[in-house]
Amino acid sequence: MIELNDLLTRSGLDPTTVMVMRHRPAEKDLRAVLPWLAAERPAVYNAFQCNHSEVVEKALSKARHLVSFIGHEAGRAVFVGVYEVASYEVVSVDRFWALPGNAELRVMGISGPKDKRDSFWFDLQPTTHLSDWKGKLVIDWTGIERSWWRWAARNRLPVRAIHDESLLVKAMPDWQTLTFEWSQLNLLPTSWRQALAQWRGIYYIFDRTSRLGYVGSASGAENLLGRWQNYAASGDGGNRLLRGRDPQGFVFSILQRLSPDMQVEDVVQIESTWKERLQTRSPNGLNDN
């Protein structure tokens, strides 16, 4: 059976100088979108792996390359890329949050350096090693699964499969099953955004904090995508009863998908029927009309 070290050696890397990581963040929101970041926002993905605990940073400072994976399923990992450990610097907490990508990661729940200590920030430069297999190469993560970083030369990590298509961005689920956290709206994969831009529809926002709901309609430029991007930018989408609420608690879903050529007045009429059925008008909900 071919192992990861065989591939590393064939690509000109010395396994004794390579650290392997299998990322599976504890933060639920970040864990859900990490494959999307790897596929379409590589700089933000890389920011995620540039800072670590004291034990890990001491080990990584001795490596020449980092081979990065994401937890694919139990005991498996999907390949993202190989990074040269070019250098590192000590950064304060304030400096950490000012670095590119970290503000976006903060929205997804990362807490930053433990105990607010000065910590290492690694300059990880992506290389072309094995790049054709990004999202396609799957290995077995042998041994204790919570041991998420290892030295390549000290471990046997068998190649499980090399897929034809990337596993990082799956096909968009049926619209009737979609739910998105507010923090995910700016991170949706391109193919998903293209679909949402084509759909007019009636959407629902549930505020976990107040346990109240809001019904809205999308029939303007870029349809559902355009309307939801407005929420992503402003938090409240210009809706009076959503102002001042924490959008981190908002969950978005689609109640009804409509024809892309339906007249706006017909869309609004259908929206009104959903407000009645779900009783989302104030004081029972967050609609004020």
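Below is a short write-up of the structure. Source: prediction; values computed, not measured.

### Concerning the nonpolar core
Ranked by size, the top nonpolar core spans 65 residues in total, and within it Leu-37, Phe-180 and Trp-228 carry the most contacts. Examining the composition of this core, we find that 6 residues originate from one element, helix α2 (residues 28–40), more than from any other. With residues up to four places along the chain from it excluded, the contact list for Phe-180 reads Trp-36, Leu-185, Leu-188, Trp-192, Leu-196, Trp-228, Phe-250, Val-251 and Phe-252. The next biggest cluster of nonpolar side chains, apart from the first, holds 18 residues, and it includes Leu-13, Phe-69, Leu-157 and Val-159.

### Observations concerning the packing of aromatic side chains
Scanning all chains against the criterion turns up 13 aromatic pairs. Ring centres 5.9 Å apart and planes at 80° place the aromatic pair Phe-180 and Trp-228 in the edge-to-face group. On the criterion of sequence distance, the pair formed by Phe-180 in strand β8 (residues 179–181) and Trp-228 in helix α8 (residues 223–234) is long-range, its members being 48 residues apart. Each member of the pair Phe-180 and Trp-228 is classed as buried. Note on Tyr-203 and Tyr-231: the rings are 5.8 Å apart at their centroids and 80° apart in plane angle, and the pair reads as edge-to-face. Of this pair, Tyr-203 sits in strand β9 (residues 200–207) while Tyr-231 sits in helix α8; the two residues are 28 residues apart in sequence, bridging distant segments of the chain. The exposure classification of Tyr-203 matches that of Tyr-231, with both residues buried. Ring pairs connect the aromatic residues Trp-36, Phe-180, Trp-192, Tyr-203, Trp-228, Tyr-231 and Phe-252, which therefore count as one cluster.

What counts and how
Residues numbered from 1 in each chain as written. Predicted model: local features only at pLDDT ≥ 70, side-chain atom pairs only at ≥ 80, totals over all residues. Heavy atoms only, no water. Core = buried A, V, L, I, M, F, W, Y, C linked by side-chain atoms within 4.5 Å. Buried < 20%, exposed > 50% of the residue type's maximum accessible area, 1.4 Å probe, protein only. Helix = DSSP H or I, 4+ residues; strand = E, 2+ residues; numbered from the N terminus. Contact = heavy atoms within 4.5 Å. Phe/Tyr/Trp six-rings, centres within 6.5 Å; stacked < 30°, edge-to-face > 60°.

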